[in-house]
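# Coordinate analysis (summary)
One letter stands for each residue in the lines below.
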Amino acid sequence: MELDTLCRLLGFAEKEKKVLLPFFAEFQKNCDESFPEFMKPENAMKYYPFTKRNVPVEERMRLVAGIVEKNPAYRFFANMLHYGFYRRDPWCIELNNLPHIEKVFNENTGIFYLMIALGAFPLIFKRYKEMDIPQDMAEKTALWLGGAMDIHAAGHNGVPGVNAIQLHWLRHAADGKLFRIGRLEYLLHKYPDWVPLIYRNRKNGKICLLSRSGITYTQEGRRPGPEENSNLTESFLEDDSNNIRGYRILPDGYADVSKIAVLNKNEWECAADAEEIIPSIHIPAGEALPESSVRDSMLEAVKFFREHLHLNIPVFVSSSWLFFYEWQKALPDSNIAAFAKEGYRFPTFPLNKTSGLFFVFGRSDPEIEKLPQNSSLEKAFHRILSSGRLLGECGWLFLTNDIEKYGSCMYCKQYDIP
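First, a word on scope: everything that follows refers to the structure included in this document. (Residues numbered from 1 in each chain as written. Predicted model: local features only at pLDDT ≥ 70, side-chain atom pairs only at ≥ 80, totals over all residues. Heavy atoms only, no water.)

### Looking at the overall build of the chain
Under the convention used in this document: Per the convention used, a helix needs a DSSP run of H or I reaching at least four residues, while a strand needs a run of E reaching at least two, with both numbered from the N terminus. The quantity called the radius of gyration is restricted to C-alpha atoms. Its globule counterpart is 2.2 Å times the number of residues to the power 0.38. The rule is simple: take the accessible area with a 1.4 Å probe, protein chains only, and divide by the maximum for that residue type; under 20% is buried, over 50% is exposed, in between is partly exposed. Any two residues having at least one pair of non-hydrogen atoms within 4.5 Å are treated as being in contact. Only the protein chains shown count as covering a residue, and every accessible area follows the Shrake-Rupley method with a 1.4 Å probe.
Each helix and strand in the chain was counted, giving 17 helices and 14 strands. For 418 residues, the compact-globule estimate of 2.2 N^0.38 gives 22 Å, and the C-alpha radius of gyration of the chain, at 23 Å, lies within 12% of that figure. Dimensions of the chain along its principal axes, counting C-alpha atoms only, are 70 × 50 × 40 Å. Every one of the 418 residues in the chain was classed for burial, and the buried ones make up 55%. Considering only contacts in the chain between residues 6 or more positions apart, those separated by 24 or more positions represent 71%. A total of about 19,000 Å² of accessible surface is found on the chain, and carbon and sulfur atoms cover 48% of it.

Okay, here's the thing in structure tokens:
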């Protein structure tokens, strides 16, 4: 398959051609024009029930499969996406820059991507088996795909499918690094560089977070928005034989740039080493978030990682639009606000106008006046954006030794934060 031919038949312009060009010789070598096994509806339907969605998709799958089977370019493209996302090492993140190919599949475009996603599950099942992890854990991975289907439906008038930009996520499971445990997902990696340094007082157990160096904050202590370029403070971190100096981050997610915190090493110890495995929590769409489900998931995760992977996890971390400051104000009595307040929050990335839109409305850049206002969350998005306020993410962490105290807002209470 030649690149020009593929782009013409898929409706790709020069922009998409430039995305594919650096990798296309490799794709030609590792992908062919045969009809993929994962595009056969009977194979896709083996794994679809694990999504726990009762949306009928089999007839749509047959329509998509018939289109793919008749055209060598579509067969090659399906094989290329499966290879690039699930078999190539490393996976090809650039494929996320390709647009949906509505020209080919019309309203069933999301079904095409759903079938590719379901094609990851033979690899996931195989990897979990190699790791001696129970099969039901592999099956639970598909619950995320059910949530991804909900997101697609929200942005496509209820039509089933999956957005192409979410296909890559299952690669983490195929690599044996992503696990669905209860309500939450856990992704294994070393201490992320977006997480501040965590210290615990040796005497009273109080937690203190110090910002990493080189991060800009507003005087309020949050990350700046796209047009905030003045009156910013850049963080620093100094570590000598006796003390660590820097800007403290308070549990409500703001950095205190008004004064320099000094931690005596005889009184404070590091709660997590830079080389330790620190799982990040991810919150799949499609289900409620009651307090008990979060606590139970973390307790179960500690046990799972210890028994199956021989890992002693010191802390769970996360970064999500759900923890952003605005939701504590807009929906103070919600499960979202309660989840955020239970952990120790911290600033992560600069503010923007889109965080969270995709996960609620299925689209990242729609006109706000055209978005639905059915739920309290949807109405809150309207209020925030219509007023000109920004969106963003905040980080969140919880030390595993403290999980039994989950539900007491313990970190905020340590600093008398309501």
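### Observations concerning the packing of helix 4 (residues 58-70) against helix 5 (residues 72-87)
Cut-off, in case you're wondering: Note on method: axes are straight lines fitted to C-alpha atoms, helices fitted across the in-contact stretch only, with angles between N-to-C directions ranging 0 to 180 degrees. Roughly parallel here means an angle under 35 degrees, roughly antiparallel means over 145, roughly perpendicular means 65 to 115, and every remaining angle is called oblique.
Where helix 4 contacts helix 5, the two axes come as close as 5 Å, and the packing angle between them is 110°. Regarding the angle of helix 4 to helix 5, the classification is roughly perpendicular. Counted together, Ile-67, Val-68, Glu-69 and Lys-70 of helix 4 and Pro-72, Tyr-74 and Arg-75 of helix 5 form the full contact between these two elements.

### What to know about the side chain of Thr-141
In this fold, Thr-141 is placed in the loop between helix 9 (135-140) and helix 10 (142-155). When sequence neighbours within four positions are dropped, the list of residues in contact with Thr-141 reads Phe-121, Ile-124, Tyr-128, Leu-170, Ala-173 and Arg-180.

### Re the pattern of salt bridges
Applied cut-off: We define a salt bridge as a side-chain nitrogen of Lys or Arg found within 4 Å of a carboxyl oxygen belonging to Asp or Glu.
Applying the stated rule across the entire model yields 22 salt bridges. With a closest N to O distance of 2.8 Å, Arg-180 and Glu-287 form a salt bridge. Residue Arg-180 is found in strand 1 (residues 178-181), and its partner Glu-287 is found in the loop between strand 11 (280-282) and helix 12 (291-308); the two are separated by 107 residues along the sequence. Accessibility expressed as a relative area gives 2% for Arg-180, which makes it buried. Salt bridges linked by common partners bring Lys-126, Arg-127 and Glu-130 together as one network.

### What to know about unusual backbone geometry
Backbone torsion omega between Asp-89 and Pro-90 reads 0°, so that peptide bond is classified as cis. Take Pro-90: it is sitting in the loop between helix 5 and helix 6 (102-105). Positioned with a positive phi, Asn-106 is a non-glycine residue whose angle comes to about 55°. By the secondary structure assignment, Asn-106 is in the loop between helix 6 and helix 7 (109-118). Not every positive phi belongs to a glycine, and Asn-231 is a case in point at roughly 55°.

### With respect to the packing of helix 2 (residues 14-30) against helix 5
Inclusion rule: Residue type decides the class: Asp, Glu, Lys and Arg count as charged, Ala, Val, Leu, Ile, Met, Phe, Trp, Tyr, Cys and Pro as nonpolar, and the leftover types, Gly among them, as polar.
Their axes nearest at 11 Å, the elements helix 2 and helix 5 cross at an angle of 100°. Relative to helix 5, the element helix 2 lies roughly perpendicular. In this structure, helix 2 contributes Leu-20, Phe-24, Glu-26, Phe-27, Gln-28 and Asn-30 to the contact, and helix 5 contributes Phe-76, Met-80 and Tyr-83. Considered class by class, the residues forming the contact of helix 2 with helix 5 number six nonpolar, two polar and one charged.

### Points about the nonpolar core
Spelled out, the test is: Nonpolar cores were defined as sets of buried Ala, Val, Leu, Ile, Met, Phe, Trp, Tyr and Cys residues, with membership established by side-chain atoms within 4.5 Å.
Core analysis: the biggest nonpolar cluster contains 146 residues, and Leu-20, Met-80, Phe-112, Phe-179, Phe-305 and Trp-327 have the highest contact counts within it. Looking at which element gives the most residues to this core, the answer is helix 5, with 10 residues. Leu-20 has contacts with Leu-3, Leu-6, Cys-7, Phe-12, Phe-27, Met-80, Leu-95 and Leu-98, leaving out every residue within four places of it along the chain.

### Considering the pairing of strand 4 (residues 207-210)
Put simply, the rule reads: Here, a strand pair is defined by DSSP locating no fewer than two bridges between the strands.
Burial along strand 4 is two-sided: the residues Ile-207 and Leu-209 and Cys-208 and Leu-210 are all buried. Pairing of strand 3 (residues 197-201) with strand 4 involves four bridges; the strand directions are antiparallel. Along strand 4, the bridge assignment pairs Ile-198 with Leu-209. Taken together, strand 3 and the strand that follows it, strand 4, pair antiparallel across an intervening segment of five residues, in which Gly-205 is found at a positive phi of about 80°. Alignment of strand 4 against strand 8 (residues 243-249), held across two bridges, turns out to be antiparallel. Residue pairing across strands places Leu-209 opposite Ile-249, the latter belonging to strand 8.

### Observations concerning the pairing of strand 14 (residues 394-399)
Counting buried positions along strand 14 yields six of six residues, so the element is predominantly enclosed. Burial along strand 14 is two-sided: the face carrying Cys-394, Trp-396 and Phe-398 and the face carrying Gly-395, Leu-397 and Leu-399 are both buried. Relative to strand 14, strand 12 (residues 315-320) runs antiparallel, the two sharing six bridges. What sits directly across from Phe-316, in strand 14, is Phe-398. Bridge analysis of strand 13 (residues 344-347) against strand 14 gives four bridges, and the strand direction is antiparallel. Within the sheet, the bridge partner assigned to Arg-345 lies in strand 14 and is Trp-396.

### Thoughts on the packing of aromatic side chains
The cut-off we apply is this: Whether two aromatic rings pair depends on their centres lying within 6.5 Å, for rings of Phe, Tyr and Trp, where Trp uses its six-membered ring; planes under 30 degrees apart make the pair stacked, over 60 edge-to-face, and the rest tilted. Ring-over charges, as used throughout, are those where CZ of Arg or NZ of Lys falls within 6 Å of the ring centre and within 35 degrees of the ring normal.
Within this structure, the stated rule accounts for 36 aromatic pairs. Ring geometry for Tyr-128 against Phe-179: centres 5.5 Å apart, planes inclined by 40°, an arrangement best described as tilted. Placement of Tyr-128 in helix 8 (residues 121-130) and of Phe-179 in strand 1 is noted, with a sequence separation of 51 residues between them. An angle of 80° between the planes, with centres 6.1 Å apart, marks the rings of Tyr-186 and Phe-305 as edge-to-face. With Tyr-186 in strand 2 (residues 184-187) and Phe-305 in helix 12, the pair connects residues that are 119 residues apart, well separated along the chain. Here the two residues Tyr-186 and Phe-305 agree in accessibility, since each one is buried. Note that Lys-206 overlies the ring of Tyr-415, its terminal NZ or CZ placed 4.2 Å from the centroid.

Purely geometric stuff here, so don't read any function into it on its own.
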